[in-house]
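# Notes for the structure review
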Amino acid sequence: MRPPSVLALAAFLLLIIASPGECSKGKWKLLKRSIGISAMHLALLPNSKIIAFDRTDFGPSNVSLPNGRCRLDGLDQALKKDCYAHSVEFDSRNRNVRPLTVLTDTWCSSGSLSPDGTLVQSGGFNDGERTVRYFSPCDDCDWVEVRNALAVRRWYASNQILPNGMIIVVGGREQFSYEFIPKVSASDFFVRQLPFLKETKEDSLLENNLYPFLHLSPDGNLFIFANNRAILLDYTYNRVVKRFPVMPGGVARNYPSTGSSVLLPLVLRDQEVQAEVFICGGAPPKSNYLANQGTFLQAAKSCGRLKFTDASPSWKMEEMPLARVMGDMILLPTGDVLIINGAAKGTAGWDCGRQPVLNPVLYRTGSTYTLEVNKFEVMNPSSIPRLYHSTAHLLPDGRVLVGGSNPHQRYNFSGVTFPTELSLEAFYPPYLTGTDAAVSRPEITLREGSKLNYNQRFSVEFKTKQTAGDQDVYLTMVAPSFTTHSFSMNQRVLVLKVSDMNQVSGNCYVIEGVAPATAQLAPPGYYLLHVIVNGGIPSRGVWVHIR
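Residues numbered from 1 in each chain as written. Predicted model: local features only at pLDDT ≥ 70, side-chain atom pairs only at ≥ 80, totals over all residues. Heavy atoms only, no water.

## Side note on the overall build of the protein
Looking only at helices and strands, the protein has five helices and 45 strands in total. Computed over the C-alpha atoms, the radius of gyration of the protein is 22 Å, within 12% of the 24 Å expected from 2.2 N^0.38 for a compact globule of 547 residues. For the protein, the spread of C-alpha atoms along the principal axes amounts to about 65 × 50 × 50 Å. The burial tally for the protein puts 63% of its 547 residues in the buried class. A total accessible area of about 19,400 Å² is found for the protein, and carbon and sulfur atoms account for 51% of it. (Helix = DSSP H or I, 4+ residues; strand = E, 2+ residues; numbered from the N terminus. Rg over C-alpha atoms; globule rule 2.2 N^0.38 Å. Buried < 20%, exposed > 50% of the residue type's maximum accessible area, 1.4 Å probe, protein only. Areas by Shrake-Rupley, 256 points an atom, 1.4 Å probe, with all protein chains shown as cover.)

## Focus: the sheet that holds strand β11 (residues 144-146)
Spatial ordering of the open sheet is given by β8-β9-β10-β11, a layout of four strands whose pairing is antiparallel. Looking along the sheet, the strands with just one partner apiece sit at the ends: β8 (110-113) and β11. Averaged over all neighbouring strand pairs, the angle between strand axes comes to 20°, with direction disregarded. Two elements, strand β9 (residues 119-122) and strand β10 (residues 132-135), share four bridges in a ladder whose sense is antiparallel. (Pairing = 2+ DSSP bridges. Axes fitted to C-alpha atoms, helices over the stretch in contact; angles between N-to-C directions.)

## Observations concerning the state of the cysteines
Inspection of every chain in the model, using the stated rule, returns three disulfides. Paired through a disulfide, Cys 70 and Cys 83 show a sulfur-sulfur distance of 1.9 Å. On the sign convention where negative is left-handed, the bridge of Cys 70 and Cys 83, at about 95° about the S-S bond, is right-handed. Pair noted here: Cys 70 is in the loop between β3 (50-53) and β4 (71-72) and Cys 83 is in the loop between β5 (81-82) and β6 (87-91), with a separation of 13 residues, a long-range link. Given a relative accessible area of 25%, Cys 83 falls into the partly exposed group. (Disulfide = S-S within 2.5 Å.)

## Quick look at the sheet that holds strand β26 (residues 337-340)
Overall, antiparallel pairing links the four strands, which are arranged β25-β26-β29-β30 in an open sheet. At either end of the open sheet lies a strand with only one pairing partner, and these are β25 (328-331) and β30 (375-378). Recorded for the sheet is a direction-independent mean angle of 20° between the axes of neighbouring strands. Sheet analysis places strand β29 (residues 361-364) next to β30, joined by four bridges and oriented antiparallel. Residue pairing in the sheet places Tyr 363 in a bridge with Phe 376 of β30.

## Digging into empty space enclosed by the protein
In this structure the tally under the stated criterion is seven cavities of 30 Å³ or more. Looking at the largest cavity, its volume works out to about 140 Å³. What lines the largest cavity is a set of 13 residues, among which Leu 113, Ile 161, Ala 479, Pro 480 and Tyr 526 lie closest to the centre. Of all the secondary-structure elements, those providing two or more residues to the lining of the largest cavity are β12 (158-161) and β43 (525-533). No other element matches the three residues that β43 contributes to the lining of the largest cavity. (1 Å grid on protein atoms, 1.4 Å probe; cavity = no way out; pocket = protein on both sides within 12 Å on 5 of 7 lines; lining within 4 Å. Points joined across faces, edges and corners; volume = space filled by probe spheres on them.)

## Examining the side chain of Asn 209
Mapped onto the elements of the fold, Asn 209 is located in the loop between α2 (195-204) and β16 (213-216). Side-chain polar atoms of Asn 209 contact the backbone oxygen of Leu 197, separated by 2.6 Å. For Asn 209, the side chain forms a polar contact with the side chain of Thr 200, separated by 3.3 Å. If we ignore the near neighbours within four places in the chain, the residues touching Asn 209 are Leu 197, Thr 200, Lys 201, Ala 226, Asn 227, Asn 254 and Tyr 255. (Polar contact = N/O pair within 3.5 Å; in protein donor to acceptor, adjacent residues only side chain to side chain. Contact = heavy atoms within 4.5 Å.)

## Things to note about the packing of aromatic side chains
Scanning the entire structure with this criterion turns up 28 aromatic pairs. Taking 5.5 Å as the distance between ring centres and 45° as the angle between the ring planes, the aromatic pair formed by Phe 223 and Phe 244 counts as tilted. One end of the pair, Phe 223, is in strand β17 (residues 222-226); the other, Phe 244, is in the loop between β19 (239-243) and β20 (260-263), with 21 residues separating them in the sequence. On the basis of an interplanar angle of 80° and a centroid distance of 6.0 Å, the ring pair of Phe 225 and Trp 315 is categorised as edge-to-face. One end of the pair, Phe 225, is in strand β17; the other, Trp 315, is in strand β24 (residues 315-319), and 90 residues separate them in sequence. Considered together, Phe 225 and Trp 315 belong to a single accessibility category, that of buried residues. Grouped by ring-pair contacts, the aromatic residues Phe 58, Trp 107, Phe 125, Trp 155, Tyr 156, Tyr 211, Tyr 255, Trp 350, Tyr 388, Tyr 411 and Phe 413 constitute a single cluster. It is Arg 55 that lies over the ring of Trp 107; its NZ or CZ is 3.6 Å from the centre. When the ring centre of Phe 189 is taken as origin, the NZ or CZ atom of Lys 183, which lies over that ring, is 5.3 Å away. (Phe/Tyr/Trp six-rings, centres within 6.5 Å; stacked < 30°, edge-to-face > 60°. Lys NZ or Arg CZ within 6 Å of the ring centre and 35° of its normal.)

## Remarks on the environment of Glu 145
Along the chain, Glu 145 turns up in strand β11. Linking Glu 145 and Val 120, residues 25 residues apart in sequence, is a C-alpha distance of 9.9 Å.

## Re the side chain of Ser 122
With respect to the element layout, Ser 122 can be found in strand β9. A residue is classified by how much of its surface remains accessible, and Ser 122, at 0% relative accessible area, is buried. Of the polar contacts made by the side chain of Ser 122, one reaches the side chain of Asn 159; its length is 3.0 Å. Those residues in contact with Ser 122 that lie beyond four places of it in its chain are Ser 109, Ser 110, Thr 131, Val 132, Arg 133, Leu 150, Asn 159, Val 169 and Ile 181.

## Here we look at the pairing of β29
Of the two faces of β29, the one lined by Val 361 and Tyr 363 and the one lined by Leu 362 and Arg 364 are each fully buried. In this structure, β26 lies alongside β29, joined through three bridges in antiparallel fashion. Each bridged residue has a counterpart across the sheet, and for Leu 338 the counterpart in β29 is Leu 362.

## Observations concerning the environment of Leu 113
Considering the arrangement of structural elements, one finds Leu 113 in strand β8. Judged by relative accessible area, Leu 113 falls into the buried class, the value being 13%. C-alpha of Leu 113 to C-alpha of Asp 500: the two residues are 387 residues apart in sequence and 32 Å apart in space. Contact partners of Leu 113, with chain neighbours within four places excluded, come to Leu 44, Leu 45, Pro 46, Thr 118, Leu 119, Ile 161 and Pro 480.

Here it is as structure tokens:
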């Protein structure tokens, strides 16, 4: 593959950054006015369907349980006999909604996809605090629940899939520890203490360390961020490998002063893989206490980047164009970051947010081209406020699904500042709406197979209406995430090494890529493979499975 011209890339990037017009700022489309529940949690399965759910003790939803079922639960705080569904399956291709049966309370829980594509969902509140739930990607599957499958209660915990296919569950309210699921022996119920979580709670005076940000490092250790501090943890031997500098600015970043975090794309074409975390938004440490008293402080504008694989890492601070708390940070297949949802004042929590931020912001990372950009761009606004318990998730076709927002207790559609939201809408990033999108967007037409081995060379055939010989063409792999409370657990983008590209005939090309070398770089499981052309226009993703 011919090396890219830096001058040509600079000219192209200057063109796309400076181009005026509404199309370059993305667009919104309402997909479903009501799915019957508020989408507090979202997960994408390898059949390209979305699983959405809220909590069971929330009162009547707007959709009934399937087959006339009712749930009898003496511990339920709203309905002892509940005939309403609190989980649905949504197909974004035809907008069909299928009600599902979840029995135990999933309020503020966590999740991951297992290597075989099953959604593994853990913890919650009340009768769900030690439950692990499973949902398989098939047409008529429903939730399977195992009670007491966690060693301790996990409420507001975070999950990360590991190189061995196990899932680590970290933290939760009054839980300064971690454990692994699934349990295969009695010793797996052993809980490992993590004093770092207790330190960050005490340091913040309030609980600004819930839903800690977890990112798997290329060396297999776990990066953990809570409140304003971070460590690198060897979870096998329960040893802190490294402590990082305090993030500047005096801002709390975790729930309820909810910011968001992503691991910037891992560029595998480089000899040494570097890992950099990017954290944006949040609120001053006392914001949640004051919001509950009726005073709503300004959210943070600041972001920080930390290349934690450096020998002596330090925070590089930047500023968003819009202050934001409860914003979701979504990695796009191009490697850029979309910051979406949230409020300009207050914190997460019931009725604690004010001034909805309707405009997403696009942050261009430059991960799929050789020129570093790092530029914020304000996108076109939605008309629907998305505050507490709103969610966002990347779809296989490159759109971003947005749902939820119920910033008060129970389903309430009137007499409140922000009513419960049952709708789903999609945001179309500029690569789907800009002037080059229709002409340049590639289409994957053939691949060798969906099964990949580590470090395997493989071929992908694609077509594009433009000549690809003089363009930069890249392959990315995107891990589907579990999204709740402004954090997309397990979110990961890998920019693959490309060995060659050839024109087959006409506008058809074959590009040869190299799969990630290790499970530390790409934990086993399903990923969406994209071809990226023209400096930032992705194909629709196709599912691949690596083990």
